[in-house]
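The lines below spell out each chain.
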Amino acid sequence: MTAPLLTVDQLTKRFGGFVALDQVSLQVAQGERLGLIGPNGSGKSTLVNCISGTVPISSGRVLLDRERIDRLPPHRRAQLGLVRSFQLPRPFGSLTIADNLKVAMLYAGKPSSDSIHDLLALLGLEDKAGRLPRELTQIEMRKLELARAMAANPRLLIVDEVMAGLSHAEVDEIVELLLRLNEAGVTIVMIEHIMRAVMAFSQRLVCIVAGRKVADGDPREVTGDAHVLKAYLGE
Ligand SMILES: Nc1ncnc2c1ncn2[C@@H]1O[C@H](COP(=O)(O)OP(=O)(O)OP(=O)(O)O)[C@@H](O)[C@H]1O
């Protein structure tokens, strides 16, 4: 059996006396599409912050390909192929779309084998190379954010609420795009509140409630799980 690409092992995160994540363990296989769900404030973003290195963990381990990465700074993790797209697009406003992608490649420390042009084409932004971010529509901004993440040549891409505020058709478009990126070989973890998108995308779901993993498995089974229903419906 091949080793998981990502392993989160007994991860605990405390903010002062508050336990935001309580011994969370999960694995992500190479090539997988995993959905991470949970009510507001359950700890999803904190988990992603701990995995990508923007907040230190209190205890436990995070491994990429069997190597511990939980002491590495975020840019080192990005160099190893662990890349996240942020909840809010934050491109450099004075740089063109193409230059924003160049910066992202430099940050990851390895100019991608894909040319910038190929990346723009993959994301459907080929007409926008010379434009500034402020000239983009909302969905184009989300695509730019995904393109910036892809410019870092990720092995594991974590997308954190990239569809919030988009129309029904635009959500479908982003899901299609993520499926294409996955087909191109990128393992993807999606954090998303839009359940239609989560169900269309995910091969497996993990549900976090109040800092604990309460379900992990087939999406239909997880969404029918009593703990998950209780957390969402507040029974
Ligand atoms: N830096 C911090 N200091 C103190 N508490 C924090 C900090 N960051 C997050 N928390 C708390 O940890 C808990 C989990 O927050 P988190 O943002 O991870 O939830 P979430 O599942 O991503 O929520 P949402 O779906 O609303 O984005 C919340 O109670 C939050 O208030």
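Report follows, based on the coordinates. These numbers were taken from a predicted model, which means no experiment stands behind them. (Residues numbered from 1 in each chain as written. Predicted model: local features only at pLDDT ≥ 70, side-chain atom pairs only at ≥ 80, totals over all residues.)

**With respect to the sheet that holds strand 3 (residues 33-37)**
Backbone hydrogen bonds hold the strands of a sheet together, and the pairing may be parallel or antiparallel.
Reasoning step 1: Strand order in the open sheet made by the six strands is 6-7-8-3-9-10, with mixed pairing throughout. Looking at strand neighbours, the two that pair on one side only are strand 6 (82-85) and strand 10 (212-217), the edges of this open sheet. This sheet shows a mean twist of 20 degrees between the axes of neighbouring strands, independent of strand direction.
Reasoning step 2: In terms of strand pairing, strand 6 meets strand 7 (residues 156-160) through four bridges, oriented parallel. Residue pairing for strand 7: R84 is matched across the bridge by I158.
Reasoning step 3: Where helix 1 (residues 44-52) meets the sheet, its contacts fall on strand 3, strand 6, strand 7, strand 8 (187-191) and strand 9 (204-209), and the angle it forms with strand 7 comes to roughly 150 degrees.
Reasoning step 4: On top of the sheet, helix 5 (residues 138-151) reaches strand 6 and strand 7; it is set at about 170 degrees to strand 6, its chief contact. (Pairing = 2+ DSSP bridges. Helix = DSSP H or I, 4+ residues; strand = E, 2+ residues; numbered from the N terminus. Axes fitted to C-alpha atoms, helices over the stretch in contact; angles between N-to-C directions. Contact = placed C-beta atoms within 7 Å.)

**A look at the site of the ligand**
Reasoning step 1: Lining the immediate environment of the ligand, one finds F15, F18, A20, G38, N40, G41, S42, G43, K44, S45 and T46.
Reasoning step 2: Mapped onto the shell around the ligand, the elements with two or more residues apiece are strand 2 (18-28) and helix 1.
Reasoning step 3: Of the residues forming the shell around the ligand, the biggest block, three residues, is contributed by helix 1.
Reasoning step 4: For the shell around the ligand, a count of residues per class yields three nonpolar, seven polar and one charged. (Near = placed C-beta within 6 Å. Nonpolar A, V, L, I, M, F, W, Y, C, P; charged D, E, K, R; others polar.)

**Describing the packing of helix 5 against helix 6 (residues 168-183)**
Reasoning step 1: In the contact formed by helix 5 and helix 6, the axes pass within 11 Å of each other and the chain directions differ by 15 degrees. Here helix 5 lies roughly parallel to helix 6, going by the angle between them. In this structure, helix 5 crosses over helix 6, and the sense of that crossing is right-handed. Listed contacts from helix 6 to I139, R142, L146 and M150 of helix 5 are E170, E173, I174, L177 and L181.
Reasoning step 2: Partitioning the contact of helix 5 with helix 6 into residue classes produces six nonpolar, no polar and three charged. (Parallel < 35°, antiparallel > 145°, perpendicular 65-115°, else oblique. Left-handed = near helix turned anticlockwise from the far one by under 90°.)

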